[in-house]
Amino acid sequence: MSLSAQLWAANADIVAEVLDNPFVRGIGDGSLDKACFAGYVAQDAYFLESFARAYALALVRSPDTESLLTFADLLAGVREELRLHASYAARWDIDMAAVQPAAATLAYTEFLLATAATGEIGVICAAMTPCMRLYAHVGTALDADSAGPYAEWVKTYADPEFDSVAALLERLLDQHGADVPAVREAYRRAMRLELQFFSAAYNA
């Protein structure tokens, strides 16, 4: 079993918590309050900008050309997610420029940026992979036909193209990571921060 698959399996408990989170369940059945989702969109746009910066830092620290180019592709892919958020902002009158990051958002972004700036490349990949793999998993676990106003969100993350992007990052993790405490801890911390991000969005 690959390292990325081992880490995903080792964190199945958090995956289950995410799927049972009221925010995720509310998206899945379309019952989530629209104001709650609007707040999430604003926070997630802030998060994605930091995620892009973490990709850029990982690109700079890439030990080989292939990894550098892969991180460049991953960085470019963030643009599509930001476009989705921009479309929500336009439709729901969300002022993205006025976003103040919540505590859970800051905790996650500061962890990613600090890791990308100072960590080994394998640890950086371990810190960044959970977000991508978890969203791909949530997208496929939910039913867009039941998601009502959130069907577009579900379809975005259920798209096989998004899964292939997550797999790109997993391949980097398998290439550069090792089964050591620092890698396992970075992966699990990112998973836990993702869960806290969803919970904060629901409780805002």
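Counting restarts for each chain, with residues numbered from 1 along the sequence as it is written. Where local features are concerned, this predicted model is filtered to residues with pLDDT of at least 70; where side-chain atom pairs are given and counted, the filter is 80 or more; whole-chain, interface and lining totals use all residues. As a rule here, side-chain values cover all heavy atoms of the structure and leave hydrogens and water aside.

An unreviewed UniProt entry annotates the chain as TenA family transcriptional regulator of Mycolicibacterium neoaurum VKM Ac-1815D. UniProt positions are given in the numbering used here, feature names are shortened, and annotations may be inferred rather than shown by experiment. UniProt's Pathway (unreviewed entry) comment on the chain is quoted here verbatim: "Cofactor biosynthesis; thiamine diphosphate biosynthesis."

(A) Geometry of the UniProt feature "domain: Thiaminase-2/PQQC" (unreviewed entry) in the chain. In this structure's numbering, the residues bearing the UniProt feature "domain: Thiaminase-2/PQQC" (unreviewed entry) are residues 21-203. Numbering goes from the N terminus for both helices and strands, where a helix is a DSSP run of H or I of at least four residues and a strand is a run of E of at least two. Helix and strand shares over residues 21-203 are 81% and 0% respectively, and the end C-alpha atoms of the span are 11 Å apart.

(B) Up close: the packing of helix α7 (residues 121-141) against helix α8 (residues 151-158). Simply put, an axis is a line fit to the C-alpha atoms, just over the touching stretch for a helix, and the angle between two N-to-C directions goes from 0 to 180 degrees. The geometry of α7 relative to α8 is characterised by a closest axis approach of 7 Å and an angle of 120° between their N-to-C directions. Here α7 is positioned oblique relative to α8, judged by the angle of their axes. Remark: the crossing between α7 and α8 carries left-handed chirality. In this structure, α7 uses Y135, A136, V138, G139 and T140 to contact α8, whose residues at the interface are W153, V154, Y157 and A158. Here the term charged refers only to Asp, Glu, Lys and Arg, the term nonpolar to Ala, Val, Leu, Ile, Met, Phe, Trp, Tyr, Cys and Pro, and the term polar to all other amino acids, Gly among them. Here the contact of α7 with α8 is composed, by residue class, of seven nonpolar, two polar and no charged. Angle categories: roughly parallel below 35 degrees, roughly antiparallel above 145, roughly perpendicular from 65 to 115, and oblique for all the rest. Two helices cross in a left-handed way if the nearer one is turned anticlockwise from the farther one by less than a right angle. They cross in a right-handed way if the turn is clockwise. In this analysis, two residues are considered to be in contact whenever any of their non-hydrogen atoms come within 4.5 Å of each other.

(C) Just the side chain of T129, in detail. The topology assignment puts T129 in helix α7. Using a relative accessible area of 0% as the deciding quantity, one classes T129 as buried. Polar contact criterion, stated in full: a pair of N or O atoms within 3.5 Å, where within protein one must be able to donate a hydrogen and the other to accept it, and residues adjacent in sequence count only if both atoms are side-chain atoms. Among the polar contacts made by the side chain of T129, one reaches the main-chain carbonyl oxygen of C125 at a distance of 2.7 Å. Among residues more than four places away in sequence, those in contact with T129 are L169, E170, L173 and Y187. Here the term buried applies to any residue with accessible area under 20% of the maximum for its type, exposed to any over 50%, and partly exposed to those in between, with areas from a 1.4 Å probe on protein chains only.

(D) View of the packing of helix α1 (residues 3-10) against helix α9 (residues 160-176). One way to put it is that α1 packs onto α9 with a least axis distance of 8 Å and a crossing angle of 105°. Put simply, α1 runs roughly perpendicular to α9. On the side of α1, the interface is formed by L3, S4 and L7, while α9 contributes E170, L173 and D174.

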